[in-house]
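A closer look at the structure
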Amino acid sequence: MKKNRLIKTTACAMALSAALTVSAFAATNVTATLSPDVTVRIDGVTCDFYNAQGKEVHPIIYNGTTYIPLRAVGELMGKNVNWDGATGTASLSGTRTTGNVTGTPDTAAKRTDVTFTLRPEYHIVIDGTERTFVNANGTKIDPAIYNGSIYLPLRAIGEIMGKRVSWDGATQTVRLDSTASGGDVTDFDTNNSSQSAPTGGVTLEQAKQTALQHAGKTASQVQFVKAQQDWENGRKVYEIEFIVSGGTGYTEYDYEIDAATGKIVSYDYDAENYTPTQNTNTNANVKISEATAKQTALSRVPGATAANIYKFKLDFDDGRWEYEGEIRYGTMEYDFTIDATTGAIIEWDMESIYD
């Protein structure tokens, strides 16, 4: 009897483990934006994309990332595209033997919300190497499905191709351009590329040490509030931010460090009349709650939710308490400052995530 119970218990445990594994990679439906108004230009040439039936397909934007169909990626890279449904693997390899698909432009298409299905279990293999993709902040991005086509992030594909990716907000154009050095080709073989050094470059930890040495501080003396890789003016940089407490206030240091050379691109520091124990809503002058301040900011960005608030903090600046934050929604970043006493928006700035 004990043996039978052990077998049953083991079988149940195995079944539960399998169920949890499947759940971890379950498809997720999200709302994305079909964006026929977004133009893709490769080395100055405007690219239109069509599916196998000759129907024009358009870029899709989700959570600040622009996606294009897998077939379009194959055409851009000049590679054959193969789909293995048994393993959920899309392969791009060799030299493309079939020409690019052409068709009739869909001039009636309009920007609209669509259901986009994220498929983290799919495998993308390029020339024999499985790839994972990250956005400018180092966050892993999954392949997705729309109308039977797999979609991949355009920025990551451009970087694999050795292209400099940029955004022209005035014309709603994503540009992938060659650079004199052949581009910054990155191998997205992990989902934490911000910890890896670009070829011939420096790691995130090395960038943090550079910032600390410049500030004359050690890691034990500071509190890091930001340390991430980003894309700025056509090059990869590390954004490092830390604070140093002392006396009745603290000093905030901000650094931007070139990921290829390790050199400091820019830096600044700002001393604040602030102590950690004051940074609470119990301060007599803080009359607006965090929740109210967040809602005030989100009301200015239709469609955005609390999940789109990238950073948010209570700060004391210019003799008053303020909420400072950033919202990322679609292709835009919104920076705001709200008076913590009156609830009024003091500062509001917006720019494209590609700038």
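A brief report on the enclosed structure follows.

What counts, and where the lines are drawn
Residues numbered from 1 in each chain as written. Predicted model: local features only at pLDDT ≥ 70, side-chain atom pairs only at ≥ 80, totals over all residues. Heavy atoms only, no water. Pairing = 2+ DSSP bridges. Helix = DSSP H or I, 4+ residues; strand = E, 2+ residues; numbered from the N terminus. Axes fitted to C-alpha atoms, helices over the stretch in contact; angles between N-to-C directions. Contact = heavy atoms within 4.5 Å. Buried < 20%, exposed > 50% of the residue type's maximum accessible area, 1.4 Å probe, protein only.

Concerning the sheet that holds strand E23 (residues 309-317)
Spatially, the four strands line up as an open sheet ordered E23-E24-E25-E26, and their pairing is antiparallel. Edge strands, defined here as strands with exactly one partner in the open sheet, are E23 and strand E26 (345-352). Averaged over all pairs of adjacent strands, the angle between their axes in this sheet comes to 15 degrees, without regard to strand direction. Examined bridge by bridge, strand E25 (residues 332-339) and E26 share seven bridges and lie antiparallel to one another. Considered in E26, the bridge of Met332 is made with Ser352. Where helix H5 (residues 290-298) meets the sheet, it contacts E23, strand E24 (320-329), E25 and E26, and its direction lies at approximately 120 degrees from that of E23.

Some thoughts on the environment of Val30
Along the polypeptide, Val30 turns up in strand E1 (residues 28-34). Once the C-alpha coordinates of Val30 and Phe116 are considered, the two residues, 86 residues apart in sequence, prove to be 5.2 Å apart. The contact partners of Val30, leaving out residues within four places of it in the chain, are Tyr62, Val114, Thr115, Phe116 and Leu118.

Considerations on the sheet that holds strand E11 (residues 123-126)
Two modes of strand pairing occur in sheets, parallel and antiparallel, and in both the strands are linked by backbone hydrogen bonds. What the four strands build is an open sheet, ordered E8-E9-E11-E12; its pairing is mixed. Whereas interior strands pair on both sides, the edge strands pair on one side only; in this sheet they are strand E8 (80-84) and strand E12 (129-131). Strand after strand, the sheet turns through a mean of 25 degrees between neighbouring axes, direction not considered. Sheet topology note: the strand E9 (residues 89-93)/E11 ladder contains four bridges and is parallel. Among the inter-strand pairings, Ala90 is bridged to a residue of E11, identified as Ile124.

Description of the environment of Tyr67
Tracing the backbone shows Tyr67 in strand E7 (residues 65-69). Classification of Tyr67 as buried rests on a relative accessible area of 3%. If sequence neighbours within four positions are ignored, Tyr67 has contacts with Pro59, Ile60, Tyr62, Phe116, Ile141, Asp142, Tyr151, Leu152, Pro153 and Leu154.

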